[in-house]
Amino acid sequence: MSTVEAQVPALREIAENSNAWPFQEARKIVARLKKHPKDEVVFETGYGPSGLPHIGTFGEVARTTMVRHAFRVLTDDKIKTRLIAFSDDMDGLRKVPENVPNREMMARHLGKPLSRVPDPFSSEYPSFGAANNARLRAFLDQFGFQYEFLSSTDCYTSGRFDATLLRVLERFDAVMDIMLPSLRDERAQTYSPFLPISPHSGIVLQVPILAHDAKAGTITYEDPDTKERVTTLVTGGRAKLQWKPDWAMRWVALGVDYEMAGKDLIDSVKLSGEVCGALGGTPPESFIYELFLDERGQKISKSKGNGLTIDEWLRYASPESLSLFMYREPKAAKRLYFDVIPRHVDEYQQFLETYERQDLKQRLSNPVWHIHSGSPPKPDMPISFSMLLTLVASSNAENADTLWGFIGRYRPGVTPQTHPKFDALVRYAIHYFRDFVLPQKKFREPSEGERAALLDLREALAQLPPDSTAEQIQQVVYEVGRREPFLDKTGKIKSKDGKPGVALDWFNMLYQVLLGQEKGPRFGSFVAVYGLKNTIEMIDGALARSA
């Protein structure tokens with residue numbers, strides 16, 4: 001809880017009426033406690049380490065953290081909370097992921113728990129599951145999330161789940177009555193909520209259960225290799241549950257009060273909730289979020305490796321911009337691809353700047369309040385990310401020093417030492433330009449009318465004083481653009497001085513012809529940063545190319 005929050009008596013009252021989705025979710029948990037009082041609220045997020053961690057996994061932790069903080073505000077931080085990041089590394093390896101090395105080696109371990117499949121990346125970790133768990137934890141630690149990591153393998157083998165597993169065994173028939181109607185006839189014939197782990201092969205066996213004994217705590221099955229009848233305890237890691245009953249068992253065993261899930265798991269949430277009830281537990285409050293899509297509109301998959309990885313986003317943009325992406329419209333399907341990055345970098349900064357001018361009620365609806373748990377930093381970005389990208393494109397900057405030359409002239413006193421976060425933004429811009437903008441860079445030739453307009457713009461800029469402001473330059477750009485075919489004929493574009501407006505075609509032409517890109521930041525601001533002399537030379541170059 002931030003010191004600012006502690007000093008504002010009205011905070012909780014405003015939060016109780018806020019329409020921000022984390023508060024809406026937190027109020028569900030408050031209502032839950034009134035029906036089922038307890039001293040501690042447990043939030044959970046799940047991770048299946050069958051593939052490399054991806055941004056969707058991070059999004060679930062980030063969003064749940066936002067709800068957790070909102071709950072703490074609504075309860076004056078008087079109720080203890082925990083966030084469990086749970087890894088289902090006891091799950092059997094069903095198929096070899098497409099984006100890992102040593103695939104042939106992994107294929108020899110199909111069916112084994114992920115925590116017993118050798119690490120294909122190196123010998124650093126004891127298993128594939130452990131390697132992926134480590135990657136996830138390192139990233140969550142980097143973001144400063146407060147969480148407790150739990151491994152399914154550890155919980156099963158240590159006996160932490162034993163009592164609840166025995167309860168599942170006691171209520172075996174009730175669980176079967178819930179699960180069987182959801183299965184195809186063929187699957188239903190062999191289904192069992194328990195999956196014994198073969199003591200010979202180490203494989204998680206999908207076999208029918210021939211008998212179960214709740215008092216003895218055992219199940220009996222036929223070994224698929226030896227055809228022998230085997231009786232084994234369900235405790236101590238000798239068996240695990242099918243994932244829907246497993247999810248329900250985990251809710252009961254860990255006392256989970258809140259967990260999110262993707263839209264594709266709606267039916268699973270319902271079934272697991274029913275199983276949880278059959279075990280005598282109360283299903284957690286749930287929040288169904290929409291799925292992330294790749295550039296083709298396909299669901300992001302860990303095994304396919306489509307969409308963006310965590311490391312890829314952080315190569316091109318700040319962690320805060322990623323958190324903004326996760327905060328916004330969680331119930332709307334969103335493309336998670338490289339082209340969404342620049343907008344979120346700049347909009348994060350805009351929200352920070354807006355926050356400074358807002359009252360408390362408005363701040364609680366501002367994404368940065370939730371991203372930073374009520375204590376957003378001061379805005380400190382002298383130039384937008386889109387402007388940096390355009391500067392890189394116009395100067396073909398190969399290193400940060402070149403960009404800082406422009407920045408230092410435009411914003412005297414701003415240096416990498418005084419603005420370290422902005423220095424990181426400079427590096428992000430260079431990476432993004434090299435990987436995505438440069439390969440797509442394509443200059444178009446101007447028409448005769450556009451050439452005439454560019455010549456007039458060149459002459460107008462040449463007459464301006466070197467210290468002209470961005471606004472003064474923008475007015476010149478407007479004035480030159482007030483001609484056919486750029487004059488706005490719709491009447492929708494209003495200018496402050498009452499003169500005719502200028503269509504976006506004028507500005508789009510400037511970027512397409514001069515920079516080889518479709519769009520860019522406000523042109524007057526760009527010229528102010530890039531310099532009048534450099535801009536005039538750029539126009540000369542474009543005219544020479546098309547001569």
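Preceding this paragraph is the structure being described.
This text gives an overview of the structure that appears in the document. (Residues numbered from 1 in each chain as written. Predicted model: local features only at pLDDT ≥ 70, side-chain atom pairs only at ≥ 80, totals over all residues. Heavy atoms only, no water.)

We now examine the overall build of the protein. Looking only at helices and strands, one finds 25 helices and 12 strands in the protein. A buried classification covers 53% of the 547 residues belonging to the protein. Long-range contacts, defined as pairs at least 24 residues apart, comprise 67% of the intrachain contacts of the protein with a sequence gap of at least 6. As displayed, the protein offers around 25,300 Å² of accessible surface, 49% of which is attributable to carbon and sulfur atoms. If you average the places of the 70 positive and of the 71 negative side-chain charges in the protein, the two averages end up 2 Å apart. (Helix = DSSP H or I, 4+ residues; strand = E, 2+ residues; numbered from the N terminus. Buried < 20%, exposed > 50% of the residue type's maximum accessible area, 1.4 Å probe, protein only. Contact = heavy atoms within 4.5 Å. Areas by Shrake-Rupley, 256 points an atom, 1.4 Å probe, with all protein chains shown as cover. Lys, Arg positive; Asp, Glu negative; His and termini not counted. Charge placed at Lys NZ, Arg CZ, Asp CG, Glu CD.)

With that settled, consider the pattern of salt bridges. Applying the stated criterion across every chain yields a total of 28 salt bridges. Between Glu285 and Arg32 there is a salt bridge, with the nearest N and O atoms lying 3.1 Å from each other. Of this pair, Glu285 sits in strand E10 (residues 285-289) while Arg32 sits in helix H3 (residues 21-35), and the two are 253 residues apart along the sequence. Residue Glu285 is classed as partly exposed on the basis of its relative accessible area, which comes to 22%. Owing to a relative accessible area of 7%, Arg32 belongs among the buried residues under this scheme. (Salt bridge = Lys/Arg side-chain N within 4 Å of Asp/Glu carboxyl O.)

Quick look at the layout of surface pockets now. Here the second largest pocket is characterised by a volume of approximately 700 Å³. Every element with two or more residues in the lining of the second largest pocket is listed here: helix H15 (341-355), helix H18 (385-395) and helix H20 (420-440). A per-class count over the lining of the second largest pocket returns nine nonpolar, six polar and eight charged. (1 Å grid on protein atoms, 1.4 Å probe; cavity = no way out; pocket = protein on both sides within 12 Å on 5 of 7 lines; lining within 4 Å. Points joined across faces, edges and corners; volume = space filled by probe spheres on them. Nonpolar A, V, L, I, M, F, W, Y, C, P; charged D, E, K, R; others polar.)

Our focus in this paragraph is the packing of aromatic side chains. Each pair of aromatic rings is reported with the distance of its centres and the angle of its planes. Overall, the coordinates contain 30 aromatic pairs when judged by the stated rule. Each ring, one from Phe172 and one from Phe194, has its centre 6.5 Å from the other, and the planes form 5 degrees; the classification is stacked. Taken together, the residues span a long stretch of sequence, with Phe172 in helix H9 (residues 172-179) and Phe194 in strand E4 (residues 194-196) at a distance of 22 residues. Here the aromatic rings of Trp404 and Phe422 are separated by 5.6 Å at their centres, their planes lie at 85 degrees, and the arrangement is edge-to-face. Placement of Trp404 in helix H19 (residues 400-410) and of Phe422 in helix H20 is noted, with a sequence separation of 18 residues between them. No difference in accessibility class separates Trp404 from Phe422, as the two residues are buried. Site record: aromatic cluster; members linked through ring pairs are Tyr316, Tyr337, Phe338, Phe385, Tyr432 and Phe436. The ring of Phe121 carries Arg135 above its face, with NZ or CZ at 4.1 Å from the centroid. The side chain of Arg545 reaches across the aromatic face of Phe443, ending 4.0 Å from its centre. (Phe/Tyr/Trp six-rings, centres within 6.5 Å; stacked < 30°, edge-to-face > 60°. Lys NZ or Arg CZ within 6 Å of the ring centre and 35° of its normal.)

Next up on the list: the side chain of Asp91. Position of Asp91 relative to the elements: it lies in the loop between strand E2 (80-87) and helix H5 (103-107). Not counting residues within four places of it along the chain, the set of residues in contact with Asp91 comprises Lys112, Pro113, Leu114 and Lys240.

With respect to the element layout, Ile197 can be found in the loop between E4 and strand E5 (211-213). Remark: the alpha-carbon pair of Ile197 and Val41, spanning 156 residues in sequence, is separated by 33 Å. Among residues more than four places away in sequence, those in contact with Ile197 are Met90, Pro113, Arg116, Gly202, Ile203, Val204, Gly237, Arg238 and Ala239.

Where strand E9 (residues 258-262) meets E10, five bridges bridge the pair, whose relative direction is parallel. Across the sheet, Glu259 pairs through a bridge with Ser286, a residue of E10. The handedness of the E9 to E10 crossover, carried by helix H12 (residues 266-278), is right-handed. (Pairing = 2+ DSSP bridges. Right-handed = clockwise from strand over helix to strand, strands pointing away.)

Another point: empty space enclosed by the protein. Counted by the stated rule, this structure contains two cavities of 30 Å³ or more. What lines the second largest cavity is Trp247, Trp251, Glu259, Met260, Ala261, Val269, Pro284, Glu285 and Ser286. Contributions of two or more residues to the lining of the second largest cavity are made by helix H11 (243-254), E9 and E10. With three residues, E9 is the single largest residue contributor to the lining of the second largest cavity. Across the lining of the second largest cavity, the residue classes tally to six nonpolar, one polar and two charged.

Look at H3: 22 Å from first C-alpha to last across 15 residues, which is about the 21 Å you get at 1.5 Å a residue. Among the residues making up H3, those that are buried are Trp21, Pro22, Phe23, Glu25, Ala26, Ile29, Arg32 and Leu33. (Expected span 1.5 Å × (residues − 1).)

This paragraph deals with helix H22 (residues 470-481). Spanning 12 residues, H22 covers 16 Å between terminal C-alpha atoms, matching the ideal 16 Å at 1.5 Å per step. Elements in contact with the buried residues of H22: H19, helix H21 (448-462), helix H23 (504-514), helix H24 (523-530) and helix H25 (532-545).

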